[in-house]
Amino acid sequence: MSIPETQWAQVAESVGAPLQFKQIPVPKPGPDQILVKIRYSGVCHTDLHAWKGHWPLPVKFPLVGGHEGAGVVVAKGSLVTGFDIGDHAGLKWINSSCSECEHCRQADEPLCPNAQMSGYTVDGTFQQYAVGKATLASKIPKNVPLDAVAPVLCAGITVYKGLKESGVRPGETVAIVGAGGGLGSLAQQYAKAMGIRVVAVDGGDEKRAMCESLGTETYVDFTKSKDLVADVKATTPEGLGAHAVILLAVSEKPFQQAAEYVRSHGTIVAIGLPPDAFLKAPVFNTVVRMITIKGSYVGNKQDGVEAIDFFARGLIKAPFQIAPLKDLPKIFDLMEEGKIAGRYVLEIPE
Ligand code: 8ID
Ligand code: ZN
């Protein structure tokens, strides 16, 4: 397999600078890395946060974003044993971790203080060829379509982990806030596959139609509801509230509101990362209703294996639209306006 010296990539020179679709060098894999010829890459709202410098964590510039990259292994370092040339692989948000700190030893590699993130601290998957540490890359079975599985590599794994972290059990009800977005569409599918009932919360009729097509029982439109708390509670058994709330929205309000419609003894899991936002809940109600509020951040290697396995068994079917890599700026515009129902997946030129 011949690997070129240069390749097409979407590059941001500095925070918020117009993206440039241009030729850059193809990276060479280090001893513990694989080089993946990316075929498809999902576009996550995190990529927009990175480009715009929304978070209190420095971003590398010039930056090639992207962390839902699915493709084919075309080269590997001398220490790599887990992949052969020609295998299908996924590059995810956690591109590498130290393997030696307590978090890594406990298989919590996303918490490693020295972790590198694809499309944030190292170049990601909005390019034809990208590198990642082999032991953190995902194996993708050959019969799994690379376009549809791309969003699973961040969105799918993250919501699957979040559902597990919530402790919600089969038969119970989860409120998914931001259900019409990329993470939300996958969260509905994982919840359904896990036997969990869903109240979808998002805005607009296009997202309503998408949520209904995914089999959600109820959709609460935050742009139309006059009393969101009452509307969410009314859909839950005995009107007592959702057993768990998965917060995926990119706005602060639901992060303050969830404590009002979560069920007593229920759990709120914050996953969305709106800039400069705070979680706030009244101490009295949190105590006397025994509410748990926690964060959840991507997933570890095993979460990745399990989430991809759900997909490979045909249990996860979330809508996605395909666009060429050169259209990334248009997709970021749509995302910023909240106009994307589900996920966009970029087709990377051969
Ligand atoms: O590991 C993590 N914690 C992790 C992993 C991946 C992504 C966190 N994220 C973060 C992203 O950085 C982003 O902040 O999750 C958030 C959602 O990512 P996404 O699903 O890729 O974004 P999207 O497709 O734009 O969907 C967001 C949805 O939120 C809805 C929008 O309508 C959209 O459908 N929404 C908003 I904005 N305000 C809402 C509200 N008040 C709302 N839905 C309900 N109520
Ligand atoms: Zn992501």
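Reading the values: rules and limits
Each chain carries its own residue numbering, running from 1 in the direction its sequence is written. Chains carry letters from A onward and ligands carry numbers from 1 onward, assigned in written order. With pLDDT at 70 or above as the cut-off, local features in this predicted model cover only qualifying residues; side-chain atom pairs require 80 or more to be listed or tallied, and sums for whole chains, interfaces and linings still use all residues. Hydrogens and waters are ignored; side-chain quantities use all the structure's heavy atoms. Helix axes are fitted to C-alpha atoms over the stretch in contact, other axes to C-alpha atoms as well, and angles between N-to-C directions run from 0 to 180 degrees. In DSSP terms, a helix is any run of H or I states spanning at least four residues, a strand is any run of E spanning at least two, and both are numbered starting from the N terminus. When an angle is under 35 degrees it counts as roughly parallel; over 145 it counts as roughly antiparallel; between 65 and 115 it counts as roughly perpendicular; any other value is oblique. Here, residues are in contact when the closest pair of their heavy atoms is within 4.5 Å. Charged residues are taken to be Asp, Glu, Lys and Arg, nonpolar residues to be Ala, Val, Leu, Ile, Met, Phe, Trp, Tyr, Cys and Pro, and polar residues to be all remaining types, Gly included. Here's how the labels work: a residue is buried when its accessible area is under 20% of the maximum for its type, exposed when over 50%, partly exposed in between, all with a 1.4 Å probe on protein chains only. A donor here means an N, O or S atom no more than 2.8 Å from the metal, or no more than 3.2 Å when the metal is Na, K or Ca. Since water is not included, a site may seem to lack partners. If even one non-hydrogen atom of a residue comes within 4 Å of a molecule or strand, that residue is called near it. Polar contacts, as counted here, are pairs of nitrogen or oxygen atoms within 3.5 Å of one another; within protein the pair requires one atom able to donate a hydrogen and one able to accept it, and residues that are adjacent in sequence qualify only if both atoms are side-chain atoms. Here, Shrake-Rupley sampling with a 1.4 Å probe gives the accessible areas, and only protein chains in the shown set may cover a residue. At least two bridges found by DSSP between two strands is the condition for calling them paired. Residues scored as positive are Lys and Arg, those scored as negative are Asp and Glu, and His as well as the terminal groups of each chain are ignored. By salt bridge we mean one thing: a side-chain nitrogen of Lys or Arg within 4 Å of a carboxyl oxygen of Asp or Glu. Any pair of Phe, Tyr and Trp rings, taking the six-membered ring for Trp, is counted once the centres come within 6.5 Å. Such a pair is stacked with planes under 30 degrees apart, edge-to-face with planes over 60 apart, and tilted for the rest. We call a charge positioned above a ring when the Lys NZ or Arg CZ atom is no farther than 6 Å from the ring centre and deviates by at most 35 degrees from the ring normal.

Enquirer: So what's going on with the packing of helix α4 (residues 155–166) against helix α10 (residues 301–312)? Which residues, and what values?
Expert: Two elements in contact, α4 and α10, have axes separated by 9 Å at closest approach and are oriented at 105°. With respect to α10, the element α4 is oriented roughly perpendicular. Contacts from Gly156, Ile157, Tyr160, Lys161 and Lys164 in α4 reach Asp303, Gly304, Glu306, Ala307 and Phe310 in α10. Across the contact of α4 with α10, the residue classes break down as four nonpolar, two polar and four charged.

Enquirer: Please provide a residue-by-residue account of unusual backbone geometry, values included.
Expert: Note the cis peptide between Phe61 and Pro62, where omega equals -5°. With respect to the helices and strands, the residue Pro62 is situated in the loop between α1 (45–52) and β4 (69–76). Notably, Ser99 is not glycine yet its phi reads approximately 70°, a positive angle. We note that Val298 has phi near 35°; this positive angle belongs to a residue other than glycine. Positionally, Val298 belongs in the loop between β15 (292–295) and α10. Given a relative accessible area of 10%, Val298 falls into the buried group.

Enquirer: Describe the coordination of the zinc ion (ligand 2), and please don't skip the residues or the numbers.
Expert: Any two of four tetrahedral donors ideally make an angle of 109.5 degrees at the metal, while pairs among six octahedral donors ideally make 90 or 180 degrees. The protein atoms that coordinate the zinc ion (ligand 2) are Cys44 (SG), His67 (NE2) and Cys154 (SG), at distances spanning 2.0 to 2.3 Å. Summarised as a motif, the one-chain spacing of the donors to the zinc ion (ligand 2) is C-x22-H-x86-C. On the criterion of sequence distance, the pair formed by Cys44 in the loop between β3 (33–42) and α1 and His67 in the loop between α1 and β4 is long-range, its members being 23 residues apart.

Enquirer: Would you mind going over the site of ligand 1 in detail, with residue names and values included?
Expert: Close contacts around ligand 1 come from 30 residues, with His45, Thr46, Asp202, Val298 and Arg343 the closest. Separating an oxygen atom of ligand 1 from a side-chain N or O atom of His49 is a distance of 2.8 Å. Within the backbone of Gly181, an N or O atom sits 3.3 Å from an oxygen atom of ligand 1. Calculation on ligand 1 without its partners gives an accessible area of 910 Å², and the protein chains cover 91% of this total. At three residues, the largest contribution of residues to the shell around ligand 1 is made by α1.

Enquirer: Please give an account of the sheet that holds strand β12 (residues 218–221) that cites residues and values.
Expert: If you walk across this open sheet you meet the six strands as β12-β11-β10-β13-β14-β15, and the pairing is parallel. Strand pairing shows two members of the sheet lacking a second neighbour, β12 and β15, which therefore form its edges. Taking the axes of each pair of neighbouring strands and ignoring which way they run, one obtains an average angle of 20° across the sheet. Along the sheet face, helix α6 (residues 205–213) touches β11 (197–202) and β12 and points at about 165° away from the line of β12.

Enquirer: Provide a residue-level description of the side chain of Asp47, including the pertinent values.
Expert: Among the structural elements, Asp47 can be located in helix α1. One buried charged side chain, Asp47, makes no salt bridge at all; its nearest oppositely charged neighbour is Arg343, positioned 6.5 Å away. A polar contact is formed between the side chain of Asp47 and the backbone nitrogen of Gly66, at a distance of 3.1 Å. Engagement of the side chain of Asp47 in a polar contact is seen with the side chain of His67, the distance being 3.0 Å.

Enquirer: I'd like to hear about α1, residue by residue, with values.
Expert: Within α1, six of the eight residues are buried, which leaves the element mostly enclosed by the surrounding structure. Residues of α1 that are buried: Thr46, Asp47, Leu48, His49, Ala50 and Trp51. Of the residues flanking the end of α1, it is Gly53, one or two places downstream, whose phi is positive at about 60°.

Enquirer: Summarise the packing of aromatic side chains; cite the residues concerned and give the values.
Expert: Two measures describe an aromatic ring pair: the distance that separates the ring centres and the angle between the ring planes. Scanning all chains against the criterion turns up seven aromatic pairs. Judged by centre distance (5.5 Å) and plane angle (70°), the rings of Trp93 and Tyr120 are edge-to-face. Placement of Trp93 in the loop between β5 (88–91) and β6 (94–96) and of Tyr120 in the loop between β7 (116–117) and β8 (129–133) is noted, with a sequence separation of 27 residues between them. Taken as a pair, Trp93 and Tyr120 share a single burial class, namely buried. Through pairs of rings, three or more aromatic residues link up here, namely Trp55, Trp93 and Tyr120. Of note, Lys139 hangs over the ring of Phe83, and the distance from its end group to the ring centre comes to 5.4 Å. Positioned over the ring face of Phe310 is Arg313, at 5.0 Å from the centre of the ring.

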